[in-house]
Amino acid sequence: MKLKKILGITLCAAMLSTAALSASAAPAPFNLMPASADKVTSEGGTATMENGVLSLKAGAAETKFTYEVNQAFNVSELSNMYFTLEQTGGFNIGLTTTAKNGDVSPSVSADFGNKTIFGAKTDDKNDPNVFGSLITTASIKDSDLVGEGTGADNSTVNWLGAYSWNDNVPADGLVTVKTVTITLGANGTMKLSNFYMGAEVGAPASDATNTSATAGTTTTTKAGDTTAANGTTTTKKDNPKTGESTAMVAGGVVLALAAAGVVVLTTKKAK
């Protein structure tokens with residue numbers, strides 16, 4: 001009887017510990033989508049937003065679209081960039097942020113263009129596909145931007161590398177994203193969604209409670225919502241894999257295991 005009690009208690013404690021660790025393992029993503037299309041400025045382009053998808057149309061020449069974020073995130077924890085897009089005419093995405101030694105403006109093409117998924121840029125200044133030139137990949141999903149292999153075959157956009165290569169990561173890891181700039185080729189188009197910084201792939205629309213810097217309000221966004229944060233400070237809301245509340249998941253596990261423990265401890269009586 002005593003042995004069964006000890007085994008039951010040990011098993012229950014171990015499972016509770018594992019559940020608690022799983023529930024708090026990954027920090028919530030940092031949403032980089034604008035709050036609305038009217039937050040986006042450009043010269044000669046147009047921007048619309050519907051159901052969480054930002055649609056951009058360039059003018060007759062290469063067009064830059066910019067919007068403010070003015071929120072901070074921990075680049076040491078949320079080190080990877082993710083986005084889902086469809087585009088024509090070529091694109092580039094860049095952030096202007098603070099850093100340890102002053103502001104920097106890394107971009108996908110200039111700093112991560114050696115990825116096969118982006119068409120593998122070169123170092124030859126005479127090559128039209130040189131680093132910094134527009135990326136021609138027509139369609140990318142956030143779930144495509146995960147690491148496999150090394151170098152060009154590794155599709156992860158490890159944004160931390162844009163700071164760590166020259167010791168430019170702040171001691172606390174916090175960098176403030178001032179603006180996002182998206183560049184499209186002449187007459188190009190883009191549909192952008194699920195644009196965020198994260199430790200691992202997972203849509204921020206089901207993960208984050210987002211605080212808008214401009215509106216001064218807090219909104220919880222779900223997949224398909226028309227409102228997203230204009231730069232966000234995120235706190236854990238839902239389980240990124242299931243969309244359920246993390247607290248509810250952990251609580252459910254606790255209750256289930258506690259109930260199981262009671263059964264283990266009370267169903268057997270000493271003879």
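Residues numbered from 1 in each chain as written. Predicted model: local features only at pLDDT ≥ 70, side-chain atom pairs only at ≥ 80, totals over all residues. Heavy atoms only, no water.

Some remarks on the overall build of the protein chain
And then number 1: For the protein chain, the helix and strand inventory stands at four helices and 14 strands.
And then number 2: Burial status across the protein chain gives 41% buried among its 271 residues.
And then number 3: Within the protein chain, contacts between residues separated by at least 24 positions form 71% of all contacts whose residues are at least 6 apart in sequence.
And then number 4: With the model as given, the accessible surface of the protein chain reaches about 13,500 Å², and the carbon-plus-sulfur share is 56%. (Helix = DSSP H or I, 4+ residues; strand = E, 2+ residues; numbered from the N terminus. Buried < 20%, exposed > 50% of the residue type's maximum accessible area, 1.4 Å probe, protein only. Contact = heavy atoms within 4.5 Å. Areas by Shrake-Rupley, 256 points an atom, 1.4 Å probe, with all protein chains shown as cover.)

Concerning the confidence of the model for the protein chain
And then number 1: Mean pLDDT for the protein chain: 76, with 65% of residues reaching 70 or above.
And then number 2: Ignoring residues within four places in sequence, the model shows residues 18–23, a span with pLDDT below 50, making three contacts including any to other chains. (pLDDT = per-residue confidence, 0-100.)

A word on the environment of L134
And then number 1: Checked against the element boundaries, L134 lands in the loop between helix 2 (108–112) and strand 8 (139–140).
And then number 2: For the pair L134 and A110, spaced 24 residues apart in sequence, the C-alpha separation works out to 9.1 Å.
And then number 3: What L134 contacts, discounting residues up to four positions off in sequence, is E62, G89, G90, F91, N92, K121, T183, L184 and G185.

Considering the pairing of strand 4 (residues 53–57)
Within a regular beta strand, the side chains point alternately toward one face of the sheet and then the other, so they alternate between its two faces.
And then number 1: Residues L54 and L56 line the buried face of strand 4, whereas the alternating positions V53, S55 and K57 sit on a face that is not buried.
And then number 2: Taken together, the five bridges between strand 3 (residues 46–50) and strand 4 define a ladder with antiparallel strand orientation. Bridge pairing in strand 4 links T46 to K57.
And then number 3: Connecting strand 3 to the next strand, strand 4, in antiparallel fashion are two residues, including N51 with a positive phi near 50°.
And then number 4: Here strand 4 runs beside strand 11 (residues 189–198); their pairing, made up of four bridges, is antiparallel. Note that in strand 11 the partner of K57 across the bridge is T189. (Pairing = 2+ DSSP bridges.)

Side note on the side chain of S193
And then number 1: Looking at the secondary structure, you find S193 in strand 11.
And then number 2: Here S193 is in contact with M33, G52, V53, F83 and T84, once residues within four sequence places are set aside.

Details of the nonpolar core
And then number 1: Membership of the largest hydrophobic core comes to 47 residues, with the highest contact counts inside it found for M81, F83, I182 and F195.
And then number 2: When sequence neighbours within four positions are dropped, the list of residues in contact with I182 reads L56, T63, K64, F65, Y67, N92, I93, M190 and L192. (Core = buried A, V, L, I, M, F, W, Y, C linked by side-chain atoms within 4.5 Å.)

Notes on the packing of aromatic side chains
Two aromatic rings, taken as a pair, are described by how far apart their centres are and by the angle between their planes.
And then number 1: For the structure shown, the criterion picks out five aromatic pairs.
And then number 2: Their ring planes at 75° and their centres at 6.4 Å tell us that F83 and F195 sit as a pair that is edge-to-face. Residue F83 is found in strand 6 (residues 80–88), and its partner F195 is found in strand 11; the two are separated by 112 residues along the sequence. (Phe/Tyr/Trp six-rings, centres within 6.5 Å; stacked < 30°, edge-to-face > 60°.)

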